[in-house]
Amino acid sequence: MRADETKCVGCHRCEALCPTGAITIRRNPSDFRDNALWTPWHIKNIYKQAATGGVLLTGMGNPCPYPIYWDRILLDASQVTNPSIDPLREPMELRTYLGAKPDAIEVINGDELKTAFTPQIPIEYPLLFSAMSYGSINLNIHCGLARAAEEMGILYNTGEGGLHPSLYKYGKNTIVQCASGRFGVHRDYLNAGVAIEIKVGQGAKPGIGGHLPGEKIGPEISLTRMIPEGTDALSPAPHHDIYSIEDLRQLIYALKEATDYQKLVFVKIAAVHNSAAIASGMVRAGADVITLDGFRGGTGAAPTMIRDNVGIPIELALASVDERLRQEGIRNQASLIVAGGIRCSADVVKALALGADAVYIATAALIAVGCTICQRCYTGKCPWGIATNDPYLAKRINPEIAHEKLANLIRAWGHEIQEMLGGMGINALESLRGNREKLRGIGLNEMELQILGIKHAGA
Ligand code: SF4
């Protein structure tokens, strides 16, 4: 058998499946002369654009070597006083309630709660599967996500592609998304889940819309998106009915009205330069949950220049949003969920200590079912059967196995979160949320420490 090296995308599938372990995939060394300015990446991109006249496309998240603040933050641990807690022997509370909380609780007649609560969603772990649309990924993966969310008592998110009829039964673990294209949005869809997420922006491509090419719109996807087969699904960059915070408020309340005030409304934005002011407006507009998506967030397809050059790290956006909402006295009026490049349970614990209520994961979930971050999602030919609707490739994902792996990932991170909490002498997430005293920076400058609101290690 002869290999055609020009077609290798580095998916490592042949390596993983080779029965004798004889295959190793290595990057082909470039024969361009060393040049710190004109790297092989830049040169090859210019060749491509000179040949096609098109925008460079890519998939998954930003791979550029910007600072990863999670790796510059360290956690505390108890020693002599305030002893640590053993999570194997003592109860450890990971349950989180999403939704607006009152600033104070009034009790009458001894034990009767007088304060009225808006709807709350309990999740058993501070983790949710982030929005990935049916179309960008296939039904086998959506099914695996829905079943894992049900088993673990958490939520998954439909993304902007509507909800396949076979998944309505997972409603109590579903967030339905309402994006600028309004694909698949109708009354039953809005009422199908426990929450509705208005997607204003996405971390991988802030400020621009989306495009699912017509060749991917087969009969099933056409049905859920409510568009004709073979037509391009183009999401506009803005919502054409939102040009101000007042417009956003109208949409939030239109959705609450349509669902009899029983569903939480999330609003998702990309982490950008003035996220804190935007988030403040979103809370005042009535959002129950603010979702912040950092520039490391993945995507099925994005222009390379946007993905790699627009947006800000989620760590900085989270710290500044939490701080601003606290200063304004409105932090309790909405939950805060962050997304975009959360890689492990330690990132989750640091995000919670910086002020998040919970964390969305998507790339990590795809890695759990085989993704190797080859960044070819935009081609629709995912070798692992994930970001594809090609029936030949999609059958490489078994929903039952995907369900098992995704549930295991959540379970494993849950154990690790409990261990880290116990090590800090904390027995409930409530005591960790926004507790920046449990964090120390390492190798960060004054400005970075100030934005993160943490001390340097040793201080
Ligand atoms: S989802 Fe598939 S195509 Fe996309 S990065 Fe992962 S393995 Fe590659």
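Our subject in this report is the structure included herewith. Note that the structure is predicted; figures quoted are calculated from it, not measured.

Further remarks concern the packing of aromatic side chains. Following the criterion strictly, the structure yields two aromatic pairs and no others. Ring centres of F32 and Y47 lie 6.4 Å apart, and the angle between their planes is 45 degrees; this geometry places the pair in the tilted category. Here F32, found in the loop between α1 (13-17) and α2 (40-52), pairs with Y47, found in helix α2; they are 15 residues apart in sequence, far enough to count as distant. Overall, F32 belongs to the partly exposed group, its relative accessible area being 25%. Where Y66 meets F295, the ring centres are 5.3 Å apart and the plane angle is 40 degrees; that geometry is what we call tilted.

Evaluated as defined, the whole model comprises 24 salt bridges. With a closest N to O distance of 2.7 Å, R284 and E328 form a salt bridge. Remark: E328 occurs in the loop between α9 (314-327) and β16 (335-339) and R284 occurs in helix α7 (residues 275-284); sequence separation between them is 44 residues. According to the relative accessible area criterion, E328 is partly exposed, its value standing at 27%. With a closest N to O distance of 2.7 Å, D308 and R307 form a salt bridge. Exposure class is identical for D308 and R307. Each is buried. Three or more residues joined by partner-sharing salt bridges are found here, namely D322, R326, R331, D357, E430, R433 and R436.

The next subject is the sheet that holds strand β10 (residues 195-199). One open sheet accounts for eight strands, arranged β7-β17-β16-β14-β13-β10-β9-β8; its pairing is parallel. Edge positions in the sheet fall to β7 (127-129) and β8 (156-157), since each of these pairs with one other strand and no more. Sheet topology places strand β14 (residues 289-293) next to β16; five bridges connect them, and they run parallel. Across the sheet, the residue bridging to T291 is I337, located in β16. Along the sheet, α9 contacts β14 and β16; its crossing angle with β16, the most-contacted strand, is approximately 170 degrees. Relative to β7, helix α13 (residues 399-423) is tilted by about 160 degrees, and along the sheet it contacts β7 and β17 (358-361).

Turning to the packing of helix α6 (residues 245-258) against α7, a few remarks are in order. Where α6 meets α7, the closest approach of the two axes is 9 Å, and the angle between their N-to-C directions is 40 degrees. Classified by the angle their axes make, α6 and α7 are oblique. α6 and α7 meet at a crossing whose hand is right-handed. Every residue of α7 that contacts α6 at I245, L248 and R249 is listed here: I278, G281, M282 and R284. The class makeup of the residues in the contact of α6 with α7 is four nonpolar, one polar and two charged.

About the criteria used
Numbering of residues begins from 1 in every chain and follows the order in which that chain's sequence is written. Two thresholds apply to this predicted model, a pLDDT of at least 70 for residue-level local features and 80 or more for giving and counting side-chain atom pairs, whereas whole-chain, interface and lining totals are computed over all residues. Processing note: side-chain calculations cover all non-hydrogen atoms of the structure and skip hydrogens and water entirely. Only centres within 6.5 Å qualify two rings of Phe, Tyr or Trp (six-membered ring in Trp) as a pair; their planes then separate them into stacked at under 30 degrees, edge-to-face at over 60, and tilted for everything else. The way it works is that DSSP assigns letters per residue, a run of H or I at least four long becomes a helix, a run of E at least two long becomes a strand, and they are numbered from the N terminus. The buried label goes to any residue with under 20% of its type's maximum accessible area, the exposed label to any with over 50%, and the partly exposed label to all in between, with areas taken from a 1.4 Å probe on protein chains only. Salt bridges are defined as contacts in which a side-chain nitrogen from Lys or Arg sits within 4 Å of a carboxyl oxygen from Asp or Glu. Any two strands with at least two DSSP-identified bridges between them are counted as paired. Every residue pair with non-hydrogen atoms within 4.5 Å of one another is taken to be in contact. Helix axes are fitted to C-alpha atoms over the stretch in contact, other axes to C-alpha atoms as well, and angles between N-to-C directions run from 0 to 180 degrees. An angle below 35 degrees is treated as roughly parallel, one above 145 as roughly antiparallel, one from 65 to 115 as roughly perpendicular, and anything else as oblique. It is the rotation of the near helix from the far one that decides the hand of a crossing: anticlockwise by less than a right angle makes it left-handed, clockwise makes it right-handed. Residues are sorted three ways: Asp, Glu, Lys and Arg are charged, Ala, Val, Leu, Ile, Met, Phe, Trp, Tyr, Cys and Pro are nonpolar, and all the rest, Gly among them, are polar.

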